[in-house]
Every structure is written in structure tokens, then in C-alpha cells.
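# Architecture at a glance
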Amino acid sequence: MEKRAKDSIFSKCIKSARVFFGVGTIFILLFLILGQIIFPDERDFIFAKCEVFEAQWYHVPENGEKVAVEVPGKVEAEYGEKITLVSTLPQGIYNGENLCFRTIWQDVEIYIDGELRQSYNTNDSRPFGINSAMRYIFVDLQEEDAGKEIMYRASSKSKYAGDIREILVGDRIGIWIQFLQESGARTLIAVSLMMLSMGCVIVCAVVRIVYKKRLAINYLAWTLFFGALWMISEIEFRQLVFKNVSILSSVTYWCLMMIPITFVLYINEIQNSYYEKIFFVPLLYSTLMTVTLTILQFFDIVQFVEALIFMHIGIGLAVITIVGTLIVDTIKRRYADYFLAGIGVYGMLLATVLEVVLYYINVDLSLGTVLAGGLLFLFVMAVIKTGQDLLRSEQKKQQAILARKAQAKFLANMSHEIRTPINAIIGMNEMILRENDNKVIEDYAYNIQSASDMLLRLVNDVLDFSKIESGQLELVEDAYNLAELIQDEILLLKARAAGKPISIKIDIDSKLPTRLWGDELRIKQILTNLLSNAVKYTKEGMVTLKAFFSRIDNENIVLEFEVIDTGIGIRQEDLSKLFDSFKRLELNKNRNIQGTGLGLNIAKMLVDLMHGKINVQSEYEKGSTFSVAIPQRVIDNQQIGDFEATLKKNRVEKNTAENLFVAPEANVLVVDDNEMNLALIKGLLKRTQIHVDAVSSGIKGYKVSRKKKYDIIFMDHMMPDLDGIETLKMIREDKNNPNCDGVVIALTANAIAGCREMYLESGFNDYFSKPIQADKLDELLIKYLPTELVQRVGKQE
Ligand code: ADP
């Protein structure tokens, strides 16, 4: 879409609206805040009275003299003793006025003029415990109560037995408004902390499930959660929000017990468990304490409220160990990993100290607000740290992916570069083998052949391995003839075993379907590896190849192969390492057996890619059985039948195809920047009498192709300046070129999966992979040369 002109009237309007939004918001907020501070209080609380009840109270001990007491204050009282206080209600009481008492772990009864007006006792509603939880108690007053005696009786089986807290008088609404003003800020902070912590816990859970990653901040979020819950349970409103205050009271203590545990776990995580031996102490203490106190409380042996000191010790131990490790880390400059979180912890500790100082200056000055601020600061720092960590790990992951891709590309390029000269060596050596009569030189050439074959296999393995590792290897699935596949493998097995005292047994299920759908080449690669290993690691005896199947449904089977040998076997303890990359077993014993330790690893990766299974069973020094099961689609359900017969029939057909031919009238052009390759193809085609033109660049190839009609053009892919694909495109598009519709075959050392499709899509008629094998070249020539030009000359002896 075309971008609109930047300074159009609409974009100017949008810009102005943005400025207006900014200025407007600042104005509204300033108006609200400054207005509240500067302008007078308009609230009318005539019907919302709340004052401290100032009357004189007397303690009346049983059978004793009345003694005047200070309220709030404390009178002498035994554990569980009922204390009685009396006072006289003032004149001028109006209907609906209330007295508000704050109890502390006490059962309470309030009488006016001898009549029980209010009682508080949670005996029947609490799950455990011997005292009633802290609560505010309201007593409704009537006009006629003025001047009457009020009696307050309280008892507690705790150290608070004789405590009397401040008494308020006023309307209920007035008293609640008073509470709201006192605790509004704390409530807001506590609720916000709780919501923040829950949000964080949810995010951590999602990250855990989706990304399988454990975030340390989860522990801090729980610390915050317990802290917030503790704050909420200390707020005056708790009896409005929670219907069973006894339950909430117990939870408060559990919060206090859990806070040091979750906090230490958090610090331990961000310090990468460096001090886990030290943190073991507070963790063990807090855990044992929590379990013990809970049991004791359940059976009412020791009350939580009496065991507060142990909870404080738990928090103290946690703080001491945390501060200690932080100081050591700060001195030793080991904080790089958790710098921000460390600052957060220091901030929180500072807030704790400030909270304590404020508490001693004036009890009501902070009431946990500063501490909560400290916690919030720590939490924000921890969130930033977590964000940074996640970002860093994501960056690392990306870098690793890029590095892997670069590595795969490098290996692909290298293998291409290495394969080119190896191909030349193999090709030239092939010429020597063909044209040489000297026995000694022939032996040398056979040695070159075996060494260069090995080298080529190694390069191919490394390339495959890196491709699969970086997820770039794709299966190339097509219909294939199963009998041919097995036959090729048998031929290979026989060739490998030739010269060794090994007999070969073939056991093929005659009911196997003839045509299947799958990646024939890769299945061959797996089998070739297993069969070569069986021969390699067997000195004498037998190698068996079994092929059979189990049916999934009419269209699908699980194709199974077993390669059984009577070789050196594998130790039980080595079996699990067998499919590891570059792992070779018993190197001292197998030193003279060539191998890379990659073959089985690649086989396993390929089998996995095909959703199959590979297994091994082995008895040391007796032999091994490798079994492979791969699901395949059936194209033709016709049965293979007697495999030996099929094999013989195929061999006859193949031999016919192998008959030699000449084609003196045929013209072939070879385009390759590698002179050695040109010489090789020329050499290989010599006996066919085909006329070969060879040029060493794409441009030359294009020029030559304009002048003469060729029956086949072999075109290398990777060439400097103009590559094979570009050259082909020029030929195809040039309608005056006599070869614009001709047969052009890609000739390449490129061994990447899916490249066959790539060449066919680019307009090539076929694809021919180097190293150039003489028989394959013959097959291609017979396939693509006009039949009238090909003259069969009979099989050469
Ligand atoms: P290599 O190229 O070394 O043969 P592989 O990955 O194919 O690599 O095999 C890994 C190791 O497993 C071999 O080095 C050999 O120790 C052991 N091994 C594989 N096949 C057999 C077998 N049929 N019998 C005994 N040992 C085997």
C-alpha cells in the first residue's frame, strides 16, 4: 500500500490529538492531586462519628476491690483467666451509636446494666486452636443506655489474657471510614502486590508448560504472594472480606513460615546454587519448623501465636544467610549474573531497616507500607532481570541457529569442494584401470580406488550428518521397486564379503509388496551401513539379511529388515553408546577397521526421520542383530514372490542393458569448468565413438550450443561467472538456438537432498551426480540418445 503524504491535513490532526492527549492527561492528574491538597475538606461526617471512647474503666478482680485501669492497657491476668472491666456509659447517647472493641485472641462478653448485649467466641466455628482470632466487636447502644454500667469480660489462653485495646465510639459507618483512612494505602498496596504476584506466577506457569523453562522469579512471586496475604490478614477489613477469620489467622502464620523458604529458594536460583550448602541451613530449619508447628497446632499442643519466636528465627536465619552471601558476592565481584536482582535485595533490606526505624519513632508511621515498597522494588528489579535473561537466552538460541546454519553451509560447500577433486581422482583412476595392462600399476590403481572410495564415503557421511543435524535433510519420496532395492543391497553385501570367509544368507518374505512409496536412497543408505558393518566386524562365519513386513492396513506396511552377523559383537554396556555420533567402540581392537563412527548415528537419524525404529541386540564375541522397521505406503500389493527367481530375471534384463554400444553419429557437448572432468568424460566416451565437444565455461557452452545441434548436453552446475542453471536458461530462452528444446543433463557434485527436484524444475531433463560412474553414464546415454544413432555391439568379454 502506498504511504500517505506525511503532512496531509489528517496526519496533522492526528499529531495535534497526540499533543492534546499528553497535555490533557497531565492537567487532569495535576488537578486531581493538587486540588485534594489545596482545597478545603468538604466531607460531612455529622452522621458518621468516630471517636476514642474516653470513659474511666475499672478492673474488678473476683472477690476483689475495683481498681482503675488505663485503656488501652493491660491488667494482671493468668493464662485463661477471665478479666472483668466496668465503666459508666456517658449521657447523650443516641440510637444507633456503637462501641467498638478490638479483641486479641480473646473470648468476649459485653453486658449493659447486667444484660448480655454482645459475645464473641469461635469455639464451634474454628477447625483447631484454643482461642478466638483477633476481631472488632460492635455493641449497639440505645438512648436509654445513657448513664448505665457497661461490663467487658474477656479471657484468653494466651499471653494476651489481660490485654485491653483502644475502644472506639461512633456510628458503624464512621468507624469503618476511620479504618479505611488508616489502612487504605496498606490495603491498596497489599492487593496490588497480590495481583502482581499472581500474574507473575501465571506467566511462570505458562513459560514452564510452553517453553519447558523454569523461571527463578516464580519463587519471588510466591514470596510476594505470602507477604501480601500476610499484609491483608493484618488489615482491619479482614473480617468484612473473609467469612471465617479463624482460618485466615492460621494462614497468616503459614505465610510467615513460607516467606523465608521461597525467598531463600529465589536467591539460591539467581546465585546458580553457588551457596546451596549455606542455604541448606535456613531451608531445613524452616521446613522442619513448619511441619512441627503445624502438627503441634493441629493437636492444640502449641498454638501458632505462642510459637511466633520460632517463625522470627526462620526469617532471621534466611536474612542472615542471604545478606552474608550477597556481601561475599559483592566483595568477590561475583554478582554479574544477578546484578539487578542483587540491587533489588539490597533495596528491600534497606526498606526493612527503615520500617523498623519508623516503627520505633511512631508505631503508626508505616505499618508495613515501606516494607511493601521494598518488596515491590525487588520485584520490579527481578522482573527486569528475568526479561534480560530471557532476551539473552533467545539471542543465544538465535546465534546458535545461525552458527549451525553457517556450519552446515560451510560443510556443504567444503564437501562440494572436496568431492570435485575426489571425483577426478576416481575417474582418472577408472581410466587407468581400463586402459592399463601392467599388473603392478593395476594393483596401485585398485589401492587408489579403495582409498578414494573410503574418502568419498567419509565426506558424504559428514555432509549427511551436518544436514540432518541442522534439520536441512529432507526425504525425497517416490515410488520404488522393493525387489530392486533388496537386490542392490545383496550385490553390495556380496561384493563387500568377497575374499572373506563369510557365507551369506538371504531370507526374503515372498509376500512382500513389489512397489512401495518412500525414500529409496535413504533406505539403501541405512541398509548399506548395517550390511557393511556386519561384514567389517565379522572375521568369519555368516551374515544374514532378512526382509519381512507387518501390515498396518491395506495401504500401509511396516517394512522390516534384520542384519545378523556372527562377528565380534558388542558389549552390553556399549549398546547405549552405539548410535552416538563419532563414537567407535573398542578402538584398540578395531584400529585396523576403517570407519568414522558416524554410520549408525546417521542410520538412526534417518530412521527417526522416517518415523521408524532401529534396534540392536548383541552378544559379545558371538555376534549382533540390527533390526530396522520403517512404515511405508504400498503402491502395488503384488507379491515379490520367489525372490531368487526375480533376482535371476532382473539380472538377465540388466545384462542386456549392459551390452556395449557405439554411436559414431551422435554429438555430445560437455560444459564443465574442471578440465579433469572434461578429460574424464571424453575418456569414458572414447569407446562409444560419440563425438564429444568439451568447453570449460557457461559462456563458451552457450556460444558453442548456438552453432550446432547436440543430442545431449552435459552441464556442470557450479561454474564461475555463468553457472549451469543460468546457462541453461539462456539456451532455453534463445529460440534461435538449435538446442533450445534439446536434452540437457545437470552434472554436479552437489549432494544436497531435494536437488534432483531443483534441477528438474530449473529445466534440466535429468540429473547426474558425480563421481561419474561409467555404467550410469552408459545408461543415461542409452536413455537419451536417439535410438537410431545407437548401435549395439554385443557384450564385451
Ligand atoms: P564405523 O564407521 O566406525 O563403523 P558406525 O557408526 O557404523 O561407525 O558404528 C559405530 C561402532 O559400532 C563401530 O565403530 C563398531 O565399534 C560398532 N559396531 C557397529 N556395527 C557393529 C557390528 N555389526 N558388530 C560389532 N560392532 C559393531
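Residues numbered from 1 in each chain as written. Predicted model: local features only at pLDDT ≥ 70, side-chain atom pairs only at ≥ 80, totals over all residues. Heavy atoms only, no water.

## Points about a nonpolar patch on the surface
A grouping of Ile26, Leu29, Leu30, Leu32, Ile33, Leu34, Ile37, Ile38 and Phe39 is seen on the molecular surface, where their side chains present a nonpolar patch of about 960 Å² in accessible area. Along the polypeptide, isoleucine 38 turns up in helix α1 (residues 9–38). With a relative accessible area of 61%, isoleucine 38 lands in the exposed category. (Patch = residues over 30% accessible without salt bridge, like charges linked within 9 Å, V, L, I, M, F, W, Y side chains within 5 Å. Areas by Shrake-Rupley, 256 points an atom, 1.4 Å probe, with all protein chains shown as cover. Salt bridge = Lys/Arg side-chain N within 4 Å of Asp/Glu carboxyl O. Helix = DSSP H or I, 4+ residues; strand = E, 2+ residues; numbered from the N terminus. Buried < 20%, exposed > 50% of the residue type's maximum accessible area, 1.4 Å probe, protein only.)

## Re the packing of helix α9 (residues 369–435) against helix α10 (residues 439–469)
Helix packing geometry: the angle between the two helix axes and the distance between the axes. At a minimum axis distance of 9 Å, the contact between α9 and α10 shows a crossing angle of 160 degrees. On the basis of their axis angle, the class for α9 and α10 is roughly antiparallel. Regarding α9 and α10, the two cross each other, and that crossing is left-handed. A class-by-class count of the residues in the contact of α9 with α10 yields 18 nonpolar, seven polar and seven charged. (Axes fitted to C-alpha atoms, helices over the stretch in contact; angles between N-to-C directions. Parallel < 35°, antiparallel > 145°, perpendicular 65-115°, else oblique. Left-handed = near helix turned anticlockwise from the far one by under 90°. Nonpolar A, V, L, I, M, F, W, Y, C, P; charged D, E, K, R; others polar.)

## Comments concerning the pattern of salt bridges
Across all of its chains, the model carries 23 salt bridges by this definition. Glutamate 115 serves as the salt-bridge partner of arginine 117, at 3.7 Å between the closest nitrogen and oxygen. Exposure remark for glutamate 115: the relative accessible area of 44% places this residue in the partly exposed category. Between glutamate 394 and lysine 397 there is a salt bridge, and its shortest N-O distance comes to 3.9 Å. With glutamate 394 and lysine 397 both in helix α9 and three residues apart, this pair spans about one turn of that helix. Relative accessible area serves as the criterion here: at 49%, lysine 397 is assigned to the partly exposed category. Within the structure, one salt-bridge network assembled from shared partners comprises Lys74, Asp163 and Arg165.

## Description of α1
In this model, α1 (30 residues) spans 42 Å end to end at C-alpha, consistent with the 44 Å of a helix rising 1.5 Å per residue. Summarising burial for α1: two of the 30 residues are buried, a small minority. (Expected span 1.5 Å × (residues − 1).)

## Topic: the nonpolar core
Within the largest apolar cluster, 52 residues are counted, with the highest numbers of intra-cluster contacts made by Ile217, Leu220, Phe263, Tyr266, Ile267, Ile322 and Val345. Put simply, the parts of the chain that give this core at least two residues each are β9 (135–140), α2 (172–211), α3 (217–233), α5 (245–270), α6 (276–298), α7 (308–331), α8 (339–361) and α9. Excluding residues that lie within four positions of it along the chain, phenylalanine 263 makes contacts with Leu220, Thr223, Ile322, Val345, Met348 and Leu378. Of all hydrophobic cores here, the second largest spans 50 residues; its members include Ile490, Val563, Val634 and Phe643. (Core = buried A, V, L, I, M, F, W, Y, C linked by side-chain atoms within 4.5 Å. Contact = heavy atoms within 4.5 Å.)

## Some words on the sheet that holds strand β24 (residues 744–748)
Ordered by their spatial adjacency, five strands build an open sheet running β22-β21-β23-β24-β25, and the pairing between neighbours is parallel. Each having just a single partner strand, β22 (691–695) and β25 (766–769) make up the two edges of the open sheet. Pairs of neighbouring strands in the sheet enclose a mean axial angle of 20 degrees, with direction left out of account. When strand β21 (residues 667–671) meets strand β23 (residues 712–716), the two strands line up parallel, connected through four bridges. For valine 671, the partnering residue across the bridge sits in β23 and is methionine 715. Of the strands in this sheet, β21, β22 and β23 are in contact with helix α16 (residues 698–707), which crosses β21 at around 160 degrees. (Pairing = 2+ DSSP bridges.)

## Thoughts on the state of the cysteines
A complete count under the given rule lists zero disulfides for this structure. Free of any disulfide, cysteine 200 has its nearest neighbouring cysteine sulfur in cysteine 204, separated by 4.2 Å. You can call cysteine 204 buried: its relative accessible area is 5%. (Disulfide = S-S within 2.5 Å.)

## Quick look at the packing of aromatic side chains
Across all of its chains, the model carries 20 aromatic pairs by this definition. Ring centres 6.4 Å apart and planes at 35 degrees place the aromatic pair tryptophan 105 and tyrosine 253 in the tilted group. Here the residue tryptophan 105 occupies a position in the loop between β6 (98–103) and β7 (107–112), and tyrosine 253 occupies one in helix α5, the gap between them amounting to 148 residues. Tyrosine 253 shares its class with tryptophan 105; the two are buried. Taken together, the ring pairs in this structure connect Trp105, Phe128, Tyr253, Trp254, Phe298 and Phe304 into an aromatic cluster. The ring centre of tyrosine 58 lies 5.2 Å from the NZ or CZ of lysine 66, which sits over that ring. (Phe/Tyr/Trp six-rings, centres within 6.5 Å; stacked < 30°, edge-to-face > 60°. Lys NZ or Arg CZ within 6 Å of the ring centre and 35° of its normal.)

## Re the packing of α10 against helix α13 (residues 599–609)
Where α10 meets α13, the axes come as close as 10 Å, and the angle between the chain directions of the two elements is 40 degrees. One finds that α10 runs oblique with respect to α13. In the packing of α10 onto α13, the handedness of the crossing is left-handed. Mapping the contact onto sequence places Asp461, Asp464, Phe465 and Ile468 in α10 and Gly599, Asn601, Ile602, Met605 and Leu606 in α13. The residue makeup of the contact of α10 with α13, split by class, is five nonpolar, two polar and two charged.

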